[in-house]
Amino acid sequence: MFDLKLTNATLPDGRTGIDIGIQDGRIAALEPNLAGDSSETIDAAGQLVSPPFVDCHFHMDATLSLGLPRHNESGLLLEGIQIWGELKPLLTQEAVVQRALDYCDLAVSQGLLAIRTHVDICDDRLLGVEALLEVKRQVAPYIELQLVAFPQDGYFRSPGAVDLLNRALDMGVDVVGGIPHFERTMGDGAASVTALCEIAAERGLLVDLHCDETDDPLSRHIETLTYETQRLGLGGRVNGSHLTSMHSMDNYYVSKLLPLMAEAGVSATANPLINIGIQGRHDTYPKRRGMTRIPEMLTYGITCAFGHDCVMDPWYSLGQGDMLEVASMGLHVAQMTSRDAMRTCFDLVTNGPAEIMHLDGYGIEIGNKADMVLLQAADPIEAIRLKAARLAVIKSGKVIASAPRRESALSLPGRPNSVDASRVGPR
């Protein structure tokens with residue numbers, strides 16, 4: 001007797017006609033024409049059942065703060081940082097918690113059930129840290145929230161940041177963060193990478209640095225991050241986020257860098273919506289796209305992901321927590337338009353970030369957590385194209401959110417794009 005059964009599902013790997021039996025919050029069976037009764041049945045009607053979306057790069061302490069205390073008129077990264085610096089003294093813990101919870105509700109409705117969020121520790125009160133630790137506690141039943149201790153104003157550049165970062169980690173923050181390109185000199189940036197990686201090695205923690213988020217091709221802190229990962233034996237535990245300077249780097253240098261990243265086990269997260277909006281602002285024409293070299297990294301076997309980064313904050317005034325929108329932008333910017341490449345873009349908002357976050361029991365396989373999303377799409381490509389409706393969002397074997405079927409969705413002839421929406425209504 002199953003607690004829940006999904007019938008006639010299509011999986012991201014192309015398997016069709018699959019039934020999924022769920023028991024005690026886990027996937028207990030996965031096969032066509034699954035025998036056995038269930039307390040509840042959802043007919044997927046040939047639609048795509050995916051593991052939940054994952055965002056491994058976000059800033060939840062700033063989300064939904066758009067216009068506080070003013071708008072970013074230039075669109076520049078540095079103006080966003082300046083506005084955030086003006087807002088920080090005005091923040092209250094209650095307001096940060098409420099905005100973050102509002103965003104988490106939005107995320108769940110989009111099938112986004114795991115988020116890695118950077119939290120600014122350059123505040124003597126550590127207000128953001130306390131707020132997001134409380135949010136993490138409250139959303140634990142439905143979102144896996146991972147916090148990164150992020151010295152927004154520079155690990156060495158900001159007075160007290162060295163002590164504040166350690167205090168944040170002592171409070172229970174999960175990941176060591178940094179921003180080496182924002183230090184006063186290239187030397188300080190490289191030294192911060194070394195210090196932060198050593199802290200992670202000593203504490204047994206993961207690393208995720210904002211690294212080379214600039215158009216300057218000489219910003220090469222990813223090289224130092226790769227070296228320190230190798231030196232300290234941190235392979236598989238280190239992520240470089242943004243890496244936008246790589247878009248402007250000399251091809252010969254990159255041909256040396258990417259094999260070193262692969263050898264060291266350093267992963268990479270691009271943030272297409274932000275990277276395409278912020279980078280190249282000092283260019284006339286031609287304008288650089290700015291997003292890092294995701295297709296080339298993938299050819300070397302480097303684990304990659306697309307992150308949302310921001311929603312309605314000093315850096316980005318749009319966004320709705322939709323990782324399919326992120327995948328779509330990444331697909332276009334990286335020109336990943338072959339059939340296989342488009343399927344890979346779906347992986348970059350599911351399996352790739354799940355690997356970077358070290359999520360346990362992730363994926364549609366027997367024994368894994370019964371966390372999944374029923375999408376109104378026939379396959380991952382169609383899901384990206386249509387920004388598919390999330391017909392049912394399932395956490396631990398229970399439907400926690402649902403949406404009606406969109407009648408206007410267009411599918412190719414002979415391919416199903418309908419579902420019995422009455423079976424996935426609000427619980």
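Rules used in this analysis
- Residues numbered from 1 in each chain as written.
- Predicted model: local features only at pLDDT ≥ 70, side-chain atom pairs only at ≥ 80, totals over all residues.
- Heavy atoms only, no water.
- Helix = DSSP H or I, 4+ residues; strand = E, 2+ residues; numbered from the N terminus.
- Rg over C-alpha atoms; globule rule 2.2 N^0.38 Å.
- Buried < 20%, exposed > 50% of the residue type's maximum accessible area, 1.4 Å probe, protein only.
- Contact = heavy atoms within 4.5 Å.
- Areas by Shrake-Rupley, 256 points an atom, 1.4 Å probe, with all protein chains shown as cover.
- Lys, Arg positive; Asp, Glu negative; His and termini not counted.
- Charge placed at Lys NZ, Arg CZ, Asp CG, Glu CD.
- Pairing = 2+ DSSP bridges.
- Axes fitted to C-alpha atoms, helices over the stretch in contact; angles between N-to-C directions.
- 1 Å grid on protein atoms, 1.4 Å probe; cavity = no way out; pocket = protein on both sides within 12 Å on 5 of 7 lines; lining within 4 Å.
- Points joined across faces, edges and corners; volume = space filled by probe spheres on them.
- Nonpolar A, V, L, I, M, F, W, Y, C, P; charged D, E, K, R; others polar.
- Parallel < 35°, antiparallel > 145°, perpendicular 65-115°, else oblique.
- Left-handed = near helix turned anticlockwise from the far one by under 90°.

Per the secondary structure count, the protein chain includes 13 helices and 16 strands. Its C-alpha atoms give the protein chain a radius of gyration of 21 Å, within 12% of the compact-globule value 22 Å for 427 residues. Projected onto its principal axes, the C-alpha coordinates of the protein chain cover approximately 65 × 45 × 45 Å. Out of the 427 residues in the protein chain, the part that is buried amounts to 59%. Of the contacts made within the protein chain by residues no fewer than 6 positions apart, 75% connect residues no fewer than 24 positions apart. For the protein chain, the exposed surface amounts to about 16300 Å²; the carbon and sulfur share of it is 51%. Computed over 36 positive and 55 negative side-chain charges, the inter-centroid distance for the protein chain is 3 Å.

Okay, the environment of Ile 179 next. Take Ile 179: it is sitting in the loop between strand S9 (175-178) and helix H5 (186-203). In this structure the C-alpha to C-alpha distance between Ile 179 and Cys 310, which are 131 residues apart in sequence, comes to 16 Å. For Ile 179, the contacting residues outside a window of four places in its chain are Phe 150, Pro 151, Gln 152, Gly 154 and His 210.

Ordered by their spatial adjacency, four strands build an open sheet running S3-S2-S1-S4, and the pairing between neighbours is mixed. Strands with a single pairing partner mark the edges of an open sheet, and in this sheet they are strand S3 (26-31) and strand S4 (41-43). Neighbouring strand axes in the sheet, compared pairwise and without regard to direction, differ in orientation by 15° on average. Across three bridges, the pairing between strand S1 (residues 4-9) and S4 is parallel. Bridge pairing in S4 places Lys 5 opposite Thr 41.

Turning our eyes to something else, we now look at the sheet that holds strand S16 (residues 398-402). In space, the four strands of this open sheet follow the order S5-S14-S15-S16, with antiparallel pairing throughout. The open sheet terminates on both sides in strands that have one partner only, identified here as strand S5 (48-50) and S16. The sheet shows a mean angle of 25° between the axes of neighbouring strands, direction not considered. Here four bridges tie strand S15 (residues 390-395) to S16, and the two strands are oriented antiparallel to one another. Along S16, the bridge assignment pairs Ala 392 with Ser 402.

Residue Pro 69 is bonded to the preceding Leu 68 through a cis peptide linkage, with omega at -10°. Following Tyr 285, the chain continues into Pro 286 via a peptide bond in cis, with omega recorded as 0°. Tracing the sequence through the fold places Pro 286 in the loop between helix H8 (272-278) and helix H9 (294-299). With a phi angle near 75°, Asp 309 is a residue other than glycine that sits in the positive phi range. The residue Asp 309 is located in the loop between strand S13 (304-306) and helix H10 (323-333) in this model. For Asp 309, a relative accessible area of 3% gives the class buried. Here Lys 387, not a glycine, exhibits a phi torsion of approximately 45°, which is positive. One can find Lys 387 in the loop between helix H13 (380-386) and S15. Judged by its relative accessible area of 26%, Lys 387 falls in the partly exposed class.

Our next topic: the layout of surface pockets. Considering only enclosed or pocket space, the largest pocket measures out at about 410 Å³ in volume. Contributing to the lining of the largest pocket are 20 residues, with Leu 77, Leu 78, Glu 213, Thr 214 and Asp 215 lying nearest its centre. No other element matches helix H1 (residues 77-87), which puts three residues into the lining of the largest pocket. Looking at the lining of the largest pocket residue by residue, the classes come out as eight nonpolar, seven polar and five charged.

Here the focus is the packing of helix H4 (residues 161-170) against H5. Two numbers describe a pair of packed helices, the interaxial angle and the distance between the axes. Where H4 meets H5, the axes come as close as 12 Å, and the angle between the chain directions of the two elements is 25°. The angle between H4 and H5 places the two elements in the roughly parallel class. Between H4 and H5 lies a crossing whose hand is right-handed. Across from Leu 165, Asn 166, Leu 169 and Asp 170 in H4, the residues of H5 making contact are Leu 196, Ile 199 and Arg 203.

Honestly, it's all geometry; don't read function into it.
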